[in-house]
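Summary of the model geometry
Listed below are the residues making up each chain.
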Amino acid sequence: PFLRTTCEPVTEVDESIRTLIDDMLETMYANKGIGLAATQGGVAKRVIVLDVPIYDDEEGEGEAEDTADSEKEERVLVCMVNPEVTFKEGRVKFEEGCLSVPGVNADVERAAAVKVKGLDRDGNPLHIEATGLLAIALQHEIDHLEGILFIDRLSWLKRDRIKRRLKKAALEEEAAV
């Protein structure tokens, strides 16, 4: 139920917000995610973090190279307070997953390009223009701040099928304990 919470704006970027950002990054990396919203950690503040690989193709559908030099992969790290989408353009479908809905992936339609404004971890203005996976991840995490999950953007039929599968898995897990 907490994932349905609409998060409150941060009034001051102070040490507690920087600590929250650091904790969120640690949680995101520990769970092998590329993004996390504060609400996913039980904090109703408008804060997101992302660490997204950058691909050569504009749709973000390329694959990251799996080589011994993977630490040299080009990535973009975003820590944003009070993010707000100010511009959307185009449409793209992309298979999304979520740390809050484990084991579920689905094609979601989102804007292909976005502009987002907010504050960085020091409270300075931050403006991002994004396409590809970064645009998708920004929209996904900002949705969390509004209490929206990626499955909410699916058709009723697909969403219902996913919910039934998750309930069944939860019951099986409960019975096993």
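Let me begin by describing the structure that accompanies this report.

1. Details of the overall build of the protein
Summing up its helical and strand segments, the protein has three helices and seven strands in all. Going from N to C terminus, the protein has its helices and strands arranged as α-β-β-β-β-β-β-β-α-α. Residue burial in the protein is summarised as follows: out of 177 residues, 40% are buried. Long-range pairs, those at least 24 residues apart, make up 66% of the contacts in the protein with a sequence separation of at least 6. Of the roughly 10,500 Å² of accessible surface on the protein, 48% is carried by carbon and sulfur atoms.

2. Looking at the environment of Ile142
Note on placement: Ile142 falls in helix α2 (residues 132–145). You can call Ile142 buried: its relative accessible area is 9%. Sequence separation of Ile142 and Ala37 is 105 residues, and the distance between their C-alpha atoms is 7.4 Å. The residues contacting Ile142, other than those within four sequence positions of it, are Arg46, Ile48, Pro83, Val85 and Val116.

3. Side note on the nonpolar core
Among the nonpolar cores identified, the biggest contains 22 residues, and Ile48, Leu50, Val114, Ile128, Ala130, Leu134 and Leu138 are the most heavily contacted of them. Listing elements by their share of this core, those giving two or more residues are β2 (47–53), β3 (75–89), β4 (92–98), β6 (113–119), β7 (125–131) and α2. Looking at which element gives the most residues to this core, the answer is α2, with eight residues. For Val114, the residues in contact, after removing those within four places along its chain, are Val85, Phe87, Lys88, Ile128, Glu129, Ala130, Ala135, Leu138 and Gln139. Residues Leu20, Met24, Leu36 and Val49 belong to the second largest nonpolar core, which totals 14 residues.

Parameters at a glance
- Residues numbered from 1 in each chain as written.
- Predicted model: local features only at pLDDT ≥ 70, side-chain atom pairs only at ≥ 80, totals over all residues.
- Heavy atoms only, no water.
- Helix = DSSP H or I, 4+ residues; strand = E, 2+ residues; numbered from the N terminus.
- Buried < 20%, exposed > 50% of the residue type's maximum accessible area, 1.4 Å probe, protein only.
- Contact = heavy atoms within 4.5 Å.
- Areas by Shrake-Rupley, 256 points an atom, 1.4 Å probe, with all protein chains shown as cover.
- Core = buried A, V, L, I, M, F, W, Y, C linked by side-chain atoms within 4.5 Å.

All we've got here are geometric facts, nothing functional implied.
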